[in-house]
Amino acid sequence: MTITPPVLSIFETLESEVRSYCRGWPAVFDRAQGSRLTDEDGHSYLDFFAGAGSLNYGHNNPVLKRALIDYIERDGITHGLDMATTAKRAFLESFRSVVLRPRDLPYKVMFPGPTGTNAVESALKLARKVKNRESIVSFTNAFHGMSLGSLAVTGNAFKRAGAGIPLVHGTPMPFDNYFDGQVPDFLWFERLLDDQGSGLNKPAAVIVETVQGEGGINVARPEWLRALADLCERQDMLLIVDDIQMGCGRTGGFFSFEEAGITPDIVTLSKSISGYGLPMALTLFKPELDIWEPGEHNGTFRGNNPAFVTAAAALNTYWADGQMEKQTLERGEQVERALLALVEECAPGSVSFRGRGLVWGMEFEDKPRAGAICRRAFELGLLLETSGPESEVVKLLPALTVTPEELDEGLRTLARAVRETA
């Protein structure tokens, strides 16, 4: 199957040049269910993008859709600022009983605004308020959002340049394996902290992704994360884990840091926390950090009550019995086997792969090839995107609810696209 691109006149003439995903997928999408989208011409696409990780339970998940429709039909609150509502109460009760208590996590819950960058901004603001310091340490190839505070702790030069002003009070350090194992972990970081002449202001916090999604599917080892947590404790810095894309089960456990056995001081969640693709974000933090004054951080759309409804339904449906984590790890093994076989077909050293759970990346030595593979995959009916600082990684991000048959179909399509772009 080869898909003929449609005429996109209204999008090209009226919509801003800032649009991006639609350039790689020149189709006008009309319907979606599960792991498939259908365009207005009736072509079906298998989705290995999942709304950039916002659709862990697939498109229009029937359980979540039913809960949402029932809520709307009974005239449930839609917009609620931070008022107490029955929908918010049901979500908080489910989040406490299904997520926090089984993991012995003590967190308070903050609704900072509807998007991931809102959660990051509030986390940085709170860390600075608690420690009365300005500096935040982030890591090479990190991505934390597109607003100014989040951009200051983001590594990508292209995205940073869009700020138009200096991005300050953030200091980058090497992510795990940045030097290919040739330098001991945190050697540079700890030396700067201990040296009064280093010029590094004492940081309020360190922010980290356990798996860097936009940065190229760079997977931090559990021992590296444990060492980072220990360093933060010894040096009186807060540890912020940005779990916006890798949380909500993407790597297996509900939180991506569970495997490492650490308890961050602050955690940010968004994307799939609503379960349905509705805007929603959380900032979680230890109770002793809750020093906010009422209204000190706020926003008009903190109370997206339909998102609370679908979020509670997702937690109660998929996380009450532990089966989702087991299934995700099994699906991840299926992906790993297929990618290993595919890499073995390629010229030695030309491609590598890495990942956890249901997030995987194939990195190509010939960097433009990753984009060519994604374009060919689209022509064959598979949605993929690239990641990495030079878009050199093909990123696989299927829904957690993808069936083994759909996963196999997508992996076979990927293999065909790889072979046809060699």
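Our structure is the block above this text.
Summary of the structure given here.

Parameters at a glance
Residues numbered from 1 in each chain as written. Predicted model: local features only at pLDDT ≥ 70, side-chain atom pairs only at ≥ 80, totals over all residues. Heavy atoms only, no water. Helix = DSSP H or I, 4+ residues; strand = E, 2+ residues; numbered from the N terminus. Buried < 20%, exposed > 50% of the residue type's maximum accessible area, 1.4 Å probe, protein only. Expected span 1.5 Å × (residues − 1). Arc of directions from axis to C-beta. Contact = heavy atoms within 4.5 Å. Pairing = 2+ DSSP bridges. Axes fitted to C-alpha atoms, helices over the stretch in contact; angles between N-to-C directions. Phe/Tyr/Trp six-rings, centres within 6.5 Å; stacked < 30°, edge-to-face > 60°. Parallel < 35°, antiparallel > 145°, perpendicular 65-115°, else oblique. Left-handed = near helix turned anticlockwise from the far one by under 90°. Nonpolar A, V, L, I, M, F, W, Y, C, P; charged D, E, K, R; others polar.

### Observations concerning unusual backbone geometry
Its identity is not glycine, yet Ala52 carries a phi of approximately 55°, on the positive side. Following the sequence through the fold, Ala52 ends up in helix 3 (residues 50-53). Backbone geometry places Asp75, a non-glycine residue, at a positive phi of 65°. The topology assignment puts Asp75 in the loop between helix 4 (62-73) and helix 5 (86-100). A residue is classified by how much of its surface remains accessible, and Asp75, at 70% relative accessible area, is exposed.

### Description of helix 5
The end-to-end C-alpha separation of helix 5 is 20 Å, in line with the 21 Å expected for 15 residues at 1.5 Å each. When we look at burial in helix 5, the residues that qualify are Ala87, Lys88, Phe91, Ser94, Phe95, Val98, Val99 and Leu100. In an axial view of helix 5, the angular spread of the buried residues amounts to 155°, which keeps them on one side of the axis. Summarising the contacts, the buried residues of helix 5 are in contact with helix 4, strand 4 (108-110), strand 11 (266-269), strand 12 (282-285) and helix 11 (305-318).

### A look at the sheet that holds strand 7 (residues 205-208)
Across the sheet, which stays open at both edges, the 7 strands sit in the order 4-12-11-10-7-5-6 with mixed pairing between neighbours. Either end of the sheet is taken by a strand with one partner, and the two such strands are strand 4 and strand 6 (170-173). Averaged over neighbouring strand pairs, the angle between their axes works out to 25° when direction is ignored. Judged from the 3 bridges that link them, strand 10 (residues 238-242) and strand 11 form a sheet pairing that is parallel. Across the sheet, the residue bridging to Ile240 is Ile266, located in strand 11.

### Digging into the packing of aromatic side chains
The final tally for this structure, using the stated rule, is 20 aromatic pairs. Ring geometry for Trp25 and Phe49: centres 4.9 Å apart, planes at 75°, overall edge-to-face. With a gap of 24 residues between them, Trp25 in the loop between helix 2 (21-24) and strand 1 (29-33) and Phe49 in the loop between strand 3 (44-47) and helix 3 connect regions that are remote in the sequence. This pair shows no difference in class: Trp25 is buried, exactly as Phe49 is. Both rings, one in Phe139 and one in Phe175, keep their centres 6.3 Å apart while their planes meet at 75°; by these two values the pair is edge-to-face. Pair noted here: Phe139 is in strand 5 (residues 136-139) and Phe175 is in the loop between strand 6 and helix 9 (187-194), with a separation of 36 residues, a long-range link. Taking relative accessible area as the criterion, Phe139 reaches 2% and is therefore assigned buried. Taking the relative accessible area as the measure of exposure, Phe175 reaches 5% and is therefore buried. A network of ring pairs unites the aromatic residues Phe91, Phe95, Phe111, Phe254, Phe255, Phe257, Phe308 and Trp319 as a single cluster.

### Topic: the sheet that holds strand 3
Spatial strand order, 1-2-3-15: 4 strands in an open sheet with mixed pairing. This sheet does not close on itself; its edge strands, each paired only once, are strand 1 and strand 15 (382-383). Judged from the 2 bridges that link them, strand 3 and strand 15 form a sheet pairing that is parallel. Bridging from a neighbouring strand, Asp47 pairs with Leu383 of strand 15.

### Remarks on the pairing of strand 14 (residues 359-364)
Regular strands have side chains that alternate between both faces of the sheet. Most of strand 14 sits out of view: 5 of its 6 residues are buried. Bridging between strand 13 (residues 351-356) and strand 14 involves 6 bridges; their strand directions are antiparallel. Residue pairing for strand 14: Arg356 is matched across the bridge by Val359. In this antiparallel pair of consecutive strands, strand 13 and strand 14, the connection spans 2 residues, and Gly357 shows a positive phi of 55°. As defined by bridge partners, strand 14 adjoins strand 17 (residues 393-396) across 4 bridges and the pair is classed as antiparallel. Paired with Glu363 across the two strands is Val393, which belongs to strand 17.

### Thoughts on the packing of helix 5 against helix 11
When two helices pack together, their arrangement is given by the angle between their axes and by how far apart the axes lie. Relative to each other, helix 5 and helix 11 sit at 30°, their axes nearing to 8 Å. Between helix 5 and helix 11, the angle falls in the class roughly parallel. In terms of crossing hand, the pair formed by helix 5 and helix 11 is left-handed. Seen from helix 5, the contacting residues are Ala87, Lys88, Ala90, Phe91, Ser94, Phe95, Val98 and Val99; seen from helix 11, they are Asn305, Phe308, Val309, Ala311, Ala312, Leu315 and Asn316. The residue makeup of the contact of helix 5 with helix 11, split by class, is 11 nonpolar, 3 polar and 1 charged.

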